[in-house]
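Remarks on the overall topology
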Protein chains: 2
Amino acid sequence: MKDLNPLFNPKSIAVVGATEARLKWGSFILSNILDGGYRGRVYPVSSSSQTVYGLRAYASLAEIPERVDLVFIATPASTIMPILQECVGKDVRNVVVISSGFSETGAEGAALEAQMAEFAREHSINIAGPNTMGIANVGIGLFATGGHPRPAPGGISIIAQSGNVGNQIMLWSELEGFGIGKFVGSGNEAVLKVEDYLEYLDNDPETSVILIYMEGVDDGRRFLDVARNGTLRKPVIALKAGRTEGGSRAAASHTGALAGSFSLFEGVMRQSGIMMALNPTELLELSAAFDSFPLPRGNRVGIVTLGGGWGVIAADECEENGLAIPPLPDDIKKRFDQKLPPFWSRANPVDLVGQPDVFLFSEAIELMASCDAFDAIIVLGLIGSARYGIRPVQAAHRLGYVPDEEMEMFNKGAATVETAILDTILMTMSKYDKPIYPVTLAAFPGDEIIHKREGNRYKVIVYKTPEMAVFCLSKQYQYSVYLRNRGGAAVT
Amino acid sequence: MKDLNPLFNPKSIAVVGATEARLKWGSFILSNILDGGYRGRVYPVSSSSQTVYGLRAYASLAEIPERVDLVFIATPASTIMPILQECVGKDVRNVVVISSGFSETGAEGAALEAQMAEFAREHSINIAGPNTMGIANVGIGLFATGGHPRPAPGGISIIAQSGNVGNQIMLWSELEGFGIGKFVGSGNEAVLKVEDYLEYLDNDPETSVILIYMEGVDDGRRFLDVARNGTLRKPVIALKAGRTEGGSRAAASHTGALAGSFSLFEGVMRQSGIMMALNPTELLELSAAFDSFPLPRGNRVGIVTLGGGWGVIAADECEENGLAIPPLPDDIKKRFDQKLPPFWSRANPVDLVGQPDVFLFSEAIELMASCDAFDAIIVLGLIGSARYGIRPVQAAHRLGYVPDEEMEMFNKGAATVETAILDTILMTMSKYDKPIYPVTLAAFPGDEIIHKREGNRYKVIVYKTPEMAVFCLSKQYQYSVYLRNRGGAAVT
């Protein structure tokens, strides 16, 4: 196994091609590192400037007075070999080649790339790229990518065979509040391959879930071996692009990846226990779900809903995704009989028939989660209901029939109720070690998507739609079956 | 055909059971009507109050001095028959029975509901409900639902067999900016059935798309006849809930709907040309797409992307959804040769390799849309790229290397570019009468989701994901094929 630790946890970094010029990669990468909060030493290398972004610049790697753990190269492809030679001189073992102009551009570039790879192997240098968006280790504030996404730190680590897709997934994570661990755009994979990163992240204690965007692998056999081992330890989610003829052609012209047969690839996924996503949204949402909720022990789902129709929709989604909606046990029915109007559903889904009662909400969640008949709970429409439910009061206020102070109290009360429901879900989930997936009535602007509390190992994701909640839950169930069949246990 | 016009366009309304009491439906409905901007006359009817929300209240319908077009009833079920009797006395022909306590509660309620329906038929009264969330006609500011969603006016009309689902779809529309026409929660459908509303909305010139949430129909034959006729005039999108055993059980306990066999229902959908959505998101997104974009004349898609990986993903999605990714014609290749770096993809998808150039964006969109080889264009990542692309400049600004005034200029420039791209898409779409679907790089808070300009009959929806854009486009294509096969022409 290759030691990629200095690549993601360098104590010192040099950026070759550092510049303050606006549209240059040497500026993107350096400004990102400096702006992102990285605390190690940073050395710009520039043939033309004395200083870059306030740091003393060096004319070459050789002139840097200290040891350099990691070198970024953002100069033209033609300069690569002499710079690598300098790396050897400085005993640099980890390099990220940002520069493009290699195999993706034709035969000449491919020859240069082969020469570079050969040199790297001879001198035991880890090279990420070339033609990569860069890397990141969010936990230490190291953002060394061309784009400047700023996700929060967390357990999801990303391997992307496309920089722009990886970059967008990082940006989406930032906007959704999903926590990211490490990121690598693998670029042309001249030296380090997707399976090297996979092996490293699998052994990385800070990574709880591995997310992969892939277009193709060179060594399917090795990928399968690494993945089969890896999925025993933590969930691995992959999006394979180039599934169709049109997609394969696009992939070939994009990274030169030989996409291969998708059915072959599906077989590899199945054998290796990697979970497949069909689009970037599924890829990220699944990763976040595994990073947040406990695994269900079985497929029996209890549903609590504020309105009947929503329960029907979720029940359909569950059964269409391999989850079961067992009947409501008699003792639970009796308990709800004491709390709900006489015409309540008396069945699973439990329809709270619009009762705007936060105590009832909490009791219903606790009652369902405590019940051995269910392995997971889906809670529909409770989140959001307080803020939406006070709209008639707001209307009466506008009409002059509710005093300002009283309205203020209602508004505050609604916000408090929303947080109370989220806390109830989080605490009940921990208490019974059973996933509780909430779906919001509606995603209001600025709404919390991830709810967490210091000291709680789980997090609550508030889903915008029942179908995404059910999809994620069904994959969590599949993974728990996979682990049981292989006798493993996940770290989450 | 029943004349439902007074139901949706009443000149005067009475609310029986009007009250200022917080948690009563008589308060929800009346405050909603008063707060929503309805300009007709409104008469509260209350047995206990002299005034309600500042309006003089009447002890009975009979006492109202003027003609009443539409009556809402929000008093207990047991009061329904005498109130209907009063309606006859006032020659009221349109009633919305909000009250629950009918067939959904058991045999006694079912008997009362049958009695009510019989009475309505005898006296030619249109009754919506009972047990309904209410109705709305957004265009005239008539919001007469229990919940208080406030979507913008528009062409999407909604029939919902579940009040809470309909209500949520209205609220989602408000938050997304999708324009709604008329809304009806059909409740228990004692008198007016889903097909009555469908027939009315099909003939309603203000409705461009009909959205249906349904759990079951009483008269499948009549539904099929009405729908088959309706889909020739405008697109009809339906979500059928109760597709699975668990869902059917939930539907039965919810509205008492006999869900029937889903495969039977699928056959009816296919015969009638109704497009099926599998969840509420698809239902709303499809409706919005039909309300916004021109129909494609064929299934050949040209893709313009800012990054290669995203193009691969979209190409896969297209081919998996029955759309084709034809090769790029030579003349288009030559035109792009003059604009892009030598290593550009020279294929469809056209990869703009991250060039941050708004003129190039516009030229690329125009070039692709003008090309006869394509029936529709998907544009990936251009929207959002300017605001995201200036982040390195913002980092340099924070590091002290970009003056405040220059930064301000950059920020403004980015916003201008985003609007310019949206305008280009809208204008090019109109010019070639060809749909252009943009997918944003990332949905930043507060982003415009619907872009429209006075006088342009089309609108641009900015998609958050390539898969939703492709899904909607593929259904638009299917509908255009359906219309051609039946010799019809859509109003959109």
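1. Considerations on the overall build of chain A
A count of helices and strands for chain A gives 17 helices and 20 strands. A fraction of 74% describes how many contacts in chain A between residues 6 or more apart in sequence connect residues 24 or more apart.

2. Let's talk about the sheet that holds strand β17 (residues 376–380) of chain B
Overall, parallel pairing links the four strands, which are arranged β16-β15-β17-β18 (chain B) in an open sheet. A single partner strand is all that each edge strand has here, and the edge strands are β16 (350–351) and β18 (436–439) of chain B.

3. Points about the environment of B:L284
All names here are of chain B. Tracing the backbone through its elements, the reader meets L284 in helix α10 (residues 280–292). On a C-alpha basis, the gap between L284 and S173 in space is 7.7 Å, while along the polypeptide they are 111 residues apart. Every residue in contact with L284, bar those within four places of it in the chain, is listed here: I169, W172, S173, F178 and L211.

4. A few points about unusual backbone geometry
Residues and elements named next belong to chain A. Cis peptide bonds are those with omega within 30 degrees of zero, and the linkage from N348 to P349 qualifies with 5°. Its identity is not glycine, yet S124 carries a phi of approximately 50°, on the positive side. Looking at the secondary structure, you find S124 in the loop between α4 (107–122) and β7 (126–128). With 9 C-beta atoms counted inside 10 Å, the residue S124 sits in the exposed group.

5. A short note on the interface of chain B and chain A
Accessible area lost during the coming together of the parts is what is often quoted as the interface size. Listed as interface residues are 75 residues of chain B and, on the opposing side, 75 residues of chain A. Counting only elements with at least two residues in the side of chain B that touches chain A, the list comes to α2 (25–36), α5 (163–176), α8 (245–255), α10, α11 (308–320), α15 (391–398) and α17 (466–486) of chain B. The leading source of residues in the side of chain B that touches chain A is α11(B), at twelve residues.

6. Here's the deal with helix α13 (residues 358–370) of chain B
Residues and elements named next belong to chain B. The first and last C-alpha atoms of α13 sit 18 Å apart over 13 residues, in line with the 18 Å expected at 1.5 Å per residue. The complete set of buried residues in α13 reads F361, A364, I365, M368 and A369. Angular distribution of buried residues about the axis of α13 spans 120°; they occupy a single face of the element.

7. Looking at the nonpolar core
Core analysis: the biggest nonpolar cluster contains 326 residues, and A:V71, A:F72, B:V71 and B:F72 have the highest contact counts within it. If sequence neighbours within four positions are ignored, B:V71 has contacts with B:A14, B:V16, B:L61, B:C87, B:V92 and B:V95.

8. Quick notes on the relation of the copies chain B and chain A
Overlaying chain B with chain A gives an RMSD of 0.0 Å, the required rotation being 180° about an axis along which the chain moves by 0.0 Å. Taken together, these values place the two copies in the relation of a two-fold axis. Among all C-alpha atoms of chain B, that of B:P445 lies closest to the rotation axis, at 3.6 Å. A symmetric contact is evident, with 100% of the interface residues of chain B recurring at the interface of chain A.

9. Description of the domain arrangement of chain A
All names here are of chain A. Partitioning chain A into structural domains gives domain 1 (1–128), domain 2 (149–292) and domain 3 (294–486). Placing the centre of domain 1 and that of domain 2 at their C-alpha centroids yields a distance of 24 Å. Each partner contributes to the interface: domain 1 provides 14 residues, whereas domain 2 provides 13 residues. Of all the elements in the fold, those that place two or more residues in the side of domain 1 that touches domain 2 are α4 and β7. Top element by residues in the side of domain 1 that touches domain 2 is α4. It accounts for four residues. Tallied by class, the residues present in the side of domain 1 that touches domain 2 amount to nine nonpolar, two polar and three charged.

10. Concerning the sheet that holds strand β17 (residues 376–380) of chain A
Strand-to-strand pairing in sheets goes through backbone hydrogen bonds, with the strands running parallel or antiparallel. Residue and element names in this part refer to chain A. Spatially, β16-β15-β17-β18 is the arrangement adopted by the four strands of the open sheet, whose pairing is parallel. Each end of this open sheet is capped by a strand with a single partner; those strands are β16 (350–351) and β18 (436–439). Here strand β15 (residues 301–305) pairs with β17 via five bridges, running parallel. When the sheet's bridge partners are listed, V301 is paired in β17 with A376.

11. Re the pairing of strand β2 (residues 41–45) of chain B
Residues and elements named next belong to chain B. Sheet topology places strand β1 (residues 12–16) next to β2; five bridges connect them, and they run parallel. Counted as the bridge partner of I13 is V42 from β2. Crossover connection from β1 via α2 to parallel β2: handedness right-handed.

12. Quick notes on helix α16 (residues 404–432) of chain A
Residue and element names in this part refer to chain A. Over its 29 residues, α16 runs 42 Å from end to end, which matches the ideal 42 Å to within 8%, given 1.5 Å per residue. Residues A414, V417, E418, I421, T424, I425, L426, T428 and M429 constitute the buried set of α16. In this structure, the buried residues of α16 make contact with α13 (358–370), β17, α14 (385–389), β18, β19 (450–451) and β20 (460–461). In the segment just after α16, D433 is the residue with positive phi, at about 50°.

13. Topic: the packing of α11(B) against α17(B)
Residues and elements named next belong to chain B. Where α11 meets α17, the axes come as close as 9 Å, and the angle between the chain directions of the two elements is 30°. Taken as a pair, α11 and α17 cross one another with a handedness that is right-handed. Contact residues: W310, I313, A314, E317 and C318 in α11; P466, E467 and V470 in α17. Considering only residue class, the contact of α11 with α17 consists of six nonpolar, no polar and two charged.

14. Some remarks on the environment of A:F444
Summarising the element assignment, A:F444 is placed in the loop between β18 and β19. Residue classification places A:F444 among the partly exposed residues on the basis of 13 C-beta atoms within 10 Å. Every residue in contact with A:F444, bar those within four places of it in the chain, is listed here: A:G384, A:R387 and B:L175.

Reading guide: rules and limits
- Residues numbered from 1 in each chain as written.
- Chains lettered and ligands numbered in written order.
- Predicted model: local features only at pLDDT ≥ 70, side-chain atom pairs only at ≥ 80, totals over all residues.
- Helix = DSSP H or I, 4+ residues; strand = E, 2+ residues; numbered from the N terminus.
- Contact = placed C-beta atoms within 7 Å.
- Pairing = 2+ DSSP bridges.
- Buried ≥ 20, exposed ≤ 12 C-beta atoms within 10 Å, placed from the backbone.
- Expected span 1.5 Å × (residues − 1).
- Arc of directions from axis to C-beta.
- Core = buried A, V, L, I, M, F, W, Y, C linked by C-beta atoms within 7 Å.
- Least-squares fit on C-alpha atoms with pLDDT ≥ 70 in both.
- Domains from an automatic or database assignment.
- Nonpolar A, V, L, I, M, F, W, Y, C, P; charged D, E, K, R; others polar.
- Right-handed = clockwise from strand over helix to strand, strands pointing away.
- Axes fitted to C-alpha atoms, helices over the stretch in contact; angles between N-to-C directions.
- Left-handed = near helix turned anticlockwise from the far one by under 90°.

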